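Each chain, written out:
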Amino acid sequence: MSRLRVAIQKSGRLSEKSLALLQSCGLRFARSKDKLFWYGKDFPVDLLLVRDDDIPRMIMGGVCELGIVGENVANEVMLDRNGGTGLSSLRKLDFGHCRLSLAVPESSGISGADGLDGKRVATTYPALTRELLSRQGIEARIVELAGSVEIAPGLGTADAIADLVSTGTTLRANHLKEVEVLFESTAALYGTGQALPEDKQPLLDRLLARIDGVLQAQESKYVMLHAPRAALERIAEILPGAEHPTLMELEGTPDRVAVHAVCREGVFWEHLEALKGAGASAILVLPVEKMLA
Ligand code: PRT
Ligand code: ZN
């Protein structure tokens with residue numbers, strides 16, 4: 001029987017959440033410690049555990065059909081390969097958030113990309129940095145480094161860096177200031193962008209539908225409340241992202257109804273207070289575990 005392979009990062013910032021996403025889709029694996037291959041038990045999808053940098057090329061080379069990797073890494077490979085056919089983002093995921101930013105020594109007078117023409121910019125993302133700068137008409141001298149980019153200005157090998165930032169702690173510890181965000185990145189699910197062979201495509205479609213269900217459920221809440229019939233219109237306006245709420249009669253009180261709704265946006269205390277203000281009572285907000293449209 002045909003199977004799919006998904007590559008995820010073996011150990012790093014994306015590992016845990018990549019695995020958790022697949023597990024939320026009902027995938028279970030026979031884990032083999034230290035091995036790179038986990039066999040999918042209930043659903044014919046196997047895991048490859050590798051370095052994140054290898055994932056785009058594994059998809060392009062046909063080693064696996066899918067992979068979860070940062071957009072920063074995937075875009076670097078695509079640009080390096082002149083547009084990189086055989087790699088395409090299928091779903092943006094809500095983890096691995098970071099930004100590729102320009103940073104300069106605290107004492108530097110450079111205040112953004114426009115001060116970098118002809119200057120040396122150290123980065124582990126040479127193709128992406130060159131592309132993003134040249135879109136602004138800036139031609140910098142890219143100094144490609146394998147790691148520890150943040151120490152390059154102090155060593156005198158670069159005037160600026162283009163590096164990933166999340167909290168900014170690393171920059172501060174190295175007396176660098178962030179002067180411009182070049183690229184916002186999250187983790188994403190990548191595939192080849194082409195239709196798979198007939199035996200595999202239905203499997204991919206099923207997996208994508210489950211992933212969509214998980215992503216939607218993460219954002220959604222199930223809200224239940226009691227409300228006067230007269231306030232229904234106002235209440236429907238307040239419920240964030242709710243489509244077609246369900247109305248139910250409340251035994252013995254014909255002017256009050258129970259409202260149930262799936263809200264596809266965050267439900268905050270402010271919403272609950274506004275609902276109460278509009279006449280709602282007995283308001284309950286429940287997490288949604290699974291969803292299939
Ligand atoms: O071993 P392997 O090659 O698989 O792992 P890796 O060390 O290359 O990658 P890893 O696990 O560090 O990062 C994997 C992915 O996580 C990256 O490609 C990004 O898409 C995403 N990500 C999110 C980050 C960060 N946040 C991040 N802060 N990747 C790296 N960093 C680094 C950054 O390079 C800098 O050194 O963290 C430092 C800055 O962090 P702050 O919080 O001090 O600003
Ligand atoms: Zn890496």
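Heads up: the structure comes first, above all this text.
## Describing the overall build of the protein
The helix and strand inventory of the protein stands at nine helices and 16 strands. At 24 Å, the protein has a C-alpha radius of gyration far larger than the 19 Å of a compact globule built from 293 residues. Expressed along its principal axes, the backbone C-alpha trace of the protein runs to roughly 80 × 55 × 35 Å. The burial tally for the protein puts 46% of its 293 residues in the buried class. Contacts in the protein between residues far apart in sequence, at least 24 positions, make up 70% of those at least 6 positions apart. For the protein, the exposed area adds up to about 15,700 Å²; of that, 50% sits on carbon and sulfur atoms.

## Remarks on helix 4 (residues 126–134)
Within helix 4 the residues assigned to the buried category are Pro-126, Ala-127, Leu-128, Thr-129, Leu-132 and Leu-133. Turning to helix 4, the residues buried within the fold contact helix 3 (71–80), strand 7 (98–105), strand 8 (120–123), strand 9 (141–144), strand 10 (160–165) and strand 11 (176–185).

## Structural notes on the site of ligand 1
In the neighbourhood of ligand 1, 21 residues make up the surrounding shell, with Arg-51, Asn-72, Thr-167, Gly-168 and Thr-170 lying closest. Measuring from an oxygen atom of ligand 1, one finds a side-chain N or O atom of Thr-167 at 2.5 Å. Between an oxygen atom of ligand 1 and a side-chain N or O atom of Thr-170, the distance comes to 2.6 Å. When each cavity is represented as a set of grid points, ligand 1 is found to reside in the largest pocket. When contributions to the shell around ligand 1 are tallied by element, the ones reaching two or more residues are helix 3, strand 10 and helix 6 (169–173). Looking at the shell around ligand 1, the element that brings in the most residues is strand 10, giving three residues. A breakdown of the residues in the shell around ligand 1 according to their chemical character gives five nonpolar, 11 polar and five charged.

## Side note on the side chain of Glu-76
Here Glu-76 shows up in helix 3. Although Glu-76 lies buried, it forms no salt bridge, and the closest oppositely charged side chain, Arg-130, sits 7.1 Å away as judged by the N-O distance. Glu-76 has contacts with Tyr-125, Pro-126, Ala-127 and Leu-128, leaving out every residue within four places of it along the chain.

## With respect to the packing of aromatic side chains
Any pair of aromatic rings gets described here by the distance separating the centres and the angle formed by the planes. The tally for this structure, following the rule as stated, stands at one aromatic pair. Taking 6.5 Å as the distance between ring centres and 50 degrees as the angle between the ring planes, the aromatic pair formed by Phe-29 and Trp-38 counts as tilted. Grouping residues by exposure puts Phe-29 and Trp-38 together as buried.

## Quick word on the side chain of Glu-65
With respect to the helices and strands, Glu-65 occurs in the loop between helix 2 (55–60) and strand 5 (66–70). Since its relative accessible area comes to 12%, Glu-65 is described here as buried. Within polar-contact distance, the side chain of Glu-65 engages the backbone nitrogen of Arg-5 at 2.7 Å. A polar contact is formed between the side chain of Glu-65 and the side chain of Lys-200, at a distance of 2.7 Å. Setting aside anything within four residues of it in sequence, one finds Glu-65 in contact with Arg-3, Leu-4, Arg-5, Ile-59, Tyr-190, Gly-191, Thr-192, Leu-196 and Lys-200.

## Concerning the coordination of the zinc ion (ligand 2)
Distances from the zinc ion (ligand 2) to its protein donors, namely Asp-52 (OD) and Asp-53 (OD), fall within the range 2.0 to 2.1 Å. Between the four donor atoms coordinating the zinc ion (ligand 2), the angles at the centre fall across 73 to 174 degrees, so the site counts as irregular. The buried category is assigned to Asp-52, whose relative accessible area is 18%. What makes Asp-53 partly exposed here is its relative accessible area of 33%.

## Some points on unusual backbone geometry
With glycine set apart, most residues show a phi of negative sign, and most peptide bonds adopt trans. Here Ser-148, not a glycine, exhibits a phi torsion of approximately 45 degrees, which is positive. Structurally, Ser-148 can be placed in the loop between strand 9 and helix 5 (152–155). One non-glycine residue, Ala-282, adopts positive backbone phi at about 50 degrees. Within the fold, Ala-282 resides in strand 16 (residues 281–287).

## Details of the layout of surface pockets
The calculated volume of the largest pocket comes to roughly 1,100 Å³. Among the secondary structure elements, those contributing two or more residues to the lining of the largest pocket are helix 3, helix 4, strand 10 and helix 6. If one sorts the elements of the lining of the largest pocket by residue count, helix 3 sits on top with five residues. Considered class by class, the residues forming the lining of the largest pocket number 13 nonpolar, 13 polar and 10 charged. Split by domain, the residues of the lining of the largest pocket number at least three in each of domain 1 (4–95 + 187–217) and domain 2 (98–185). Roughly 160 Å³ of internal volume is contained in the second largest pocket.

What counts as what
- Residues numbered from 1 in each chain as written.
- Chains lettered and ligands numbered in written order.
- Predicted model: local features only at pLDDT ≥ 70, side-chain atom pairs only at ≥ 80, totals over all residues.
- Heavy atoms only, no water.
- Helix = DSSP H or I, 4+ residues; strand = E, 2+ residues; numbered from the N terminus.
- Rg over C-alpha atoms; globule rule 2.2 N^0.38 Å.
- Buried < 20%, exposed > 50% of the residue type's maximum accessible area, 1.4 Å probe, protein only.
- Contact = heavy atoms within 4.5 Å.
- Areas by Shrake-Rupley, 256 points an atom, 1.4 Å probe, with all protein chains shown as cover.
- Near = heavy atom within 4 Å.
- Polar contact = N/O pair within 3.5 Å; in protein donor to acceptor, adjacent residues only side chain to side chain.
- 1 Å grid on protein atoms, 1.4 Å probe; cavity = no way out; pocket = protein on both sides within 12 Å on 5 of 7 lines; lining within 4 Å.
- Sits in = over half its atoms within 2 Å of the grid points.
- Nonpolar A, V, L, I, M, F, W, Y, C, P; charged D, E, K, R; others polar.
- Lys, Arg positive; Asp, Glu negative; His and termini not counted.
- Salt bridge = Lys/Arg side-chain N within 4 Å of Asp/Glu carboxyl O.
- Phe/Tyr/Trp six-rings, centres within 6.5 Å; stacked < 30°, edge-to-face > 60°.
- Donors = N, O, S within 2.8 Å, 3.2 Å for Na, K, Ca; no water.
- Tetrahedral: all angles 85-135°; square planar, octahedral: opposite > 155°, others 65-115°.
- Points joined across faces, edges and corners; volume = space filled by probe spheres on them.
- Domains from an automatic or database assignment.

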